[in-house]
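Coordinate inspection notes
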Amino acid sequence: MINIIGLGYIGLPTALMLAASGNEVVGTDYNKKIVDDLCNSRLTFEEEGLGELFSKAKEKGIKFSNDYQKTDFYIVAVPTPYEKINKKIDPKYVVAAVKSVLDVCKDGAIVVVESTISPGTFDTYIKPLVAESNKKVHLAHAPERIIPGSMIKELVSNNRIVGADEKTIGEKVKSVYQTFCKGDIVVTDIKTAEMSKVVENTYRDINIAFANELAKICREANLDVYEVIRIANMHPRVNILQPGPGVGGHCISVDPWFLVGDYPGLANLILTARKTNDSMPEYVLARIREIMDGKGITDVSKVGLYGLTYKEDVDDVRESPTLQLLNLMKKHLATGIKVYDPFINADIVENQYHDFDLFLQDVEMVVIMVAHSHLKEHQEDIKGKIILDTKNALNRAGIYKL
Ligand SMILES: NC(=O)c1ccc[n+]([C@@H]2O[C@H](COP(=O)([O-])OP(=O)(O)OC[C@H]3O[C@@H](n4cnc5c(N)ncnc54)[C@H](O)[C@@H]3O)[C@@H](O)[C@H]2O)c1
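Residues numbered from 1 in each chain as written. Predicted model: local features only at pLDDT ≥ 70, side-chain atom pairs only at ≥ 80, totals over all residues. Heavy atoms only, no water.

Quick notes on the sheet that holds strand 3 (residues 63-65)
Stated formally: When DSSP finds at least two bridges between two strands, those strands are taken to pair. Starting at the N terminus, helices and strands are each numbered in turn, a helix being any DSSP run of H or I of at least four residues and a strand any DSSP run of E of at least two. For helices, the axis comes from a line fit to the C-alpha atoms of the stretch in contact; other axes are also lines fit to C-alpha atoms, and the angle between any two N-to-C directions lies between 0 and 180 degrees. Contacts are assigned to residue pairs that have any heavy atoms within 4.5 Å of one another.
Taken in spatial order, the 8 strands make up an open sheet running 3-2-1-4-5-6-7-8, and their pairing is mixed. Each edge of the sheet is formed by a strand with only one pairing partner; in this case those strands are strand 3 and strand 8 (185-188). Geometrically, the sheet is characterised by an average inter-axis angle of 20 degrees between neighbouring strands, direction not taken into account. Relative to strand 3, strand 2 (residues 25-28) is paired through 3 bridges, and the arrangement is parallel. When the bridges of strand 3 are listed, V26 appears paired with K63. Across the sheet, helix 4 (residues 92-104) touches strand 1 (2-5), strand 4 (73-76) and strand 5 (110-113), and the angle it forms with strand 4 is around 165 degrees.

Take a look at the structure:
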C-alpha cells in the first residue's frame, strides 16, 4: 500500500493517479477539512480532468485519512516555503512529515520525498532523522514537474527524475511511477535530483526576468517587446519567454531563492533575476499611474484589476502578481482599486467583485493581470474601456501594454 502524505495541489492528483492505475493508496493530510471533503467526494480544488480521475480512483478504492498508515511505501508532498529573512528553505513541513512517517512505517520502508527541496536538504535534515530513529528505511527524492492547469496530462506524459543513493531502490521507485507515467524516468542520486529540480525552475525564472527586462528596455526605446521577442525566437537556438506583471506560484518564484540562500556569493545572476521579476508589480503600478494621468483619471476606484491567480485558468493565488501589487498599494496607503477573478469565489481581498458585469460597470480602466480564457471569451464586454494588458492577452489596437 502507498501512503501519500499531503493532499494539496501535488499530493492529491498523484494519489488519485496512483490509485486509478491500480495501486492500493491511502491519502493522508493533517488538515481535517481536506480529508472530510475528500471522504465525502468533494474535491478540494479545481483542475482540468481532476473530477474524472477522482471518480476512477474511488472506484479502485482509494482511501483518505488524517492518520499516517503503517506500510512500506510513502510519498511525501508537503509544502517547502523559504525563510523570508535568509531565503533558505524552511524544511519544517518536510521534517515533521518524515518524522511522523518514521513513527509508524514498517522496517525497510521506502520514503519518497516529492516536495521541491534545496540541494542538500536530505543530507542536512532528512538523513539525520532516519539515523536518530530506530527504523531502517530507504530514502528517495522524486521532485514533481507538473503545471497547474495541465496537471493530469503532465502526470502521465512528463519525464521524471528519481534520486536514490541505492540503485535498486531507485529502480523500485521508478517501477511505481511507471504504473502511470509514460515519460522517461531517469534514476540518479538524491543530491543530483535535488539540484536538477531547483535548476529547472531557476532557468525559467531567469528567462522570464530577461523578457521582463526587455519589456522595460523596449518601452524606453518605443518598441513592441512582443514583436522583438517573436522575431528573436525565429532564430533556431533562441527561446525567450514572455514578459508579464510578475512571477507567482509555488515554484518559480520560490525555488531560485534556495540557491540564493545557500550560495549567496555565487548566485548573482539568479538573485538579479529574482529581483527583476519581483520588481514587475511595481512597474505595473507605475504604468497604471502613467495611464491614469494621461487619461485624466484621478480616482483609483475607477481602475479594476482583472485576475487574482498567479496564472491563467487556475484557482491558485499563491504569491500572485496581483496580490503583490495590492500589497504594494497598501504599503503606499493607496486603496480602492477594484478586483475581479472568475476563478475566485471566496472574498480574499478588498473591493473584490464576483460579477463581471458589475465590475465593468464600476470601472473606466481594466488592467489585465491574468489571461484567463474567460477574458478572451468576453472580449466584447470590455470594448470601450481603457485597457492595460500586462499579459498581451488581447491582440487588438488601442490598448496599453507593459
Ligand atoms: N503546486 C505546484 O504547482 C507544484 C509543482 C511542482 C512541485 N511543487 C512542490 O510540491 C510540494 C507540495 O506543494 P503543493 O502545491 O501540493 O502544496 P499544498 O500547500 O497545496 O499542499 C500541501 C498539503 O500538505 C499538508 N501537510 C503539510 N504538512 C503535513 C504533515 N506534516 N502531515 C500531513 N499533511 C501535511 C497540508 O495540509 C496541505 O494540504 C512543494 O514542495 C512544492 O514546491 C508544487
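Structural notes on the layout of surface pockets
The following threshold applies: Space inside and on the surface of the protein is sampled on a 1 Å grid over the protein atoms alone, with a cavity defined as a set of points where a 1.4 Å probe fits but cannot get out and a pocket as an open set with protein on both sides within 12 Å along at least 5 of 7 lines; lining residues have an atom within 4 Å of a point. Grid points are joined across faces, edges and corners, and a volume is the space filled by probe spheres set on the points. Nonpolar residues are Ala, Val, Leu, Ile, Met, Phe, Trp, Tyr, Cys and Pro. Charged residues are Asp, Glu, Lys and Arg, and all others, Gly as well, are polar.
What the second largest pocket holds in volume is close to 240 Å³. Looking at the second largest pocket, the residues that line it are D278, S279, E282, E319, S320, L323, Q324, N327, L328 and K331. Ranked by residue count, the leading element in the lining of the second largest pocket is helix 13 (residues 321-331), at 5 residues. Tallied by class, the residues present in the lining of the second largest pocket amount to 2 nonpolar, 4 polar and 4 charged.

Looking at empty space enclosed by the protein
Tallied over the full model, the rule gives 1 cavity of 30 Å³ or more. By volume, the largest cavity amounts to about 40 Å³. Together, P143, E144, R145, I146, E154, L155, N158, N159 and R160 line the largest cavity. When the residues that make up the lining of the largest cavity are grouped by side-chain class, the tally is 3 nonpolar, 2 polar and 4 charged.

Here's the deal with the packing of aromatic side chains
Threshold: Put simply, two rings from Phe, Tyr or Trp (the six-membered ring, in Trp's case) pair if the centres are within 6.5 Å, and we call them stacked under 30 degrees between planes, edge-to-face over 60, tilted for the rest.
Evaluated as defined, the whole model comprises 10 aromatic pairs. Judged by centre distance (4.5 Å) and plane angle (45 degrees), the rings of Y9 and F45 are tilted. A residue pair is termed long-range when its members are at least 10 positions apart, and Y9 in the loop between strand 1 and helix 1 (11-20) and F45 in the loop between helix 2 (32-39) and helix 3 (50-59) qualify at 36 residues. In this structure an aromatic cluster arises from ring pairing among Y306, Y340, Y353, F356 and F359.

Overview of helix 4
Three- or four-residue spacings in an α-helix give side chains the same orientation, since the helix completes a turn every 3.6 residues. Quick reminder of the rule: The span you would expect from a helix comes to 1.5 Å times its residue count less one. Burial status follows relative accessibility: with a 1.4 Å probe on protein chains alone, a residue under 20% of its type maximum counts as buried, one over 50% as exposed, and anything between as partly exposed. By construction, the arc corresponds to the directions joining the helix axis to the C-beta atoms.
Taking 1.5 Å as the rise per residue, helix 4 with 13 residues should run 18 Å; its terminal C-alpha atoms sit 19 Å apart, in good agreement. Within the sequence span of helix 4, burial applies to V94, V95, A97, V98, V101 and L102. End-on, the buried residues of helix 4 take up no more than an arc of 165 degrees, which puts them together on one face. Elements that come into contact with the buried residues of helix 4 comprise strand 1, strand 4, strand 5 and helix 5 (121-132).

Thoughts on the sheet that holds strand 13 (residues 386-389)
Taking strand neighbours across the sheet as the criterion, the 6 strands line up as 11-10-9-12-13-14 in an open arrangement whose pairing is parallel. Two strands bound the open sheet, and with one partner strand each, they are strand 11 (352-353) and strand 14 (400-401). Relative to strand 14, strand 13 runs parallel, the two sharing 2 bridges. Looking at the pairing, L388 lines up with Y400 of strand 14.

Thoughts on the nonpolar core
Stated formally: We define a nonpolar core as any set of buried Ala, Val, Leu, Ile, Met, Phe, Trp, Tyr and Cys residues linked to one another through side-chain atoms lying within 4.5 Å.
Counting 41 residues, the largest nonpolar core has L16, F64, V112, V173 and Y177 as its most contacted members. Setting aside its immediate chain neighbours within four residues, V112 contacts F73, Y74, I75, V76, A140, A142, V173 and Y177. By size, the runner-up hydrophobic cluster in this structure holds 36 residues, among which are V225, I240, Y283 and M329.

Observations regarding the site of the ligand
Under the convention used in this document: Near, as used in this document, describes a residue that has one of its heavy atoms within 4 Å of the molecule or strand being considered. The definition of a polar contact used here is a pair of N or O atoms within 3.5 Å, where within protein one atom must be able to donate a hydrogen and the other to accept one, and adjacent residues in sequence count solely through side-chain atom pairs. The Shrake-Rupley method, run with a 1.4 Å probe sphere, supplies the accessible areas, and residue values consider only the shown protein chains as cover.
In the region of the ligand, 26 residues are neighbours, and I10, D29, Y68, T80 and R318 sit closest. Within the contact set of the ligand, an oxygen atom lies 3.1 Å away from a backbone nitrogen or oxygen of Y9. In the model, an oxygen atom of the ligand is placed 2.6 Å from a nitrogen or oxygen of the T80 side chain. Here the ligand has 840 Å² of accessible area as a free molecule, and 92% of this is covered by the chains. In the shell around the ligand, the residues fall into 15 nonpolar, 7 polar and 4 charged.

Observations concerning the pattern of salt bridges
We apply this condition: One side-chain nitrogen of Lys or Arg within 4 Å of one carboxyl oxygen of Asp or Glu is enough to make a salt bridge.
For the coordinates displayed, the defined rule picks out 18 salt bridges. Here R160 ties to E114 by a salt bridge, and the two come within 3.5 Å at their closest N and O atoms. Placement of R160 in strand 7 (residues 160-164) and of E114 in the loop between strand 5 and helix 5 is noted, with a sequence separation of 46 residues between them. For R160, a relative accessible area of 4% puts it in the buried group. Overall, the relative accessible area of 2% leaves E114 in the buried class. The shortest N-O distance in the salt bridge between K167 and E171 comes to 3.4 Å. Of the two residues, K167 and E171 are both situated in helix 7 (residues 167-177); the distance of 4 residues between them amounts to about one turn of the helix. Taken together, the shared-partner salt bridges connect D123, K127, D165 and K191 into one network.

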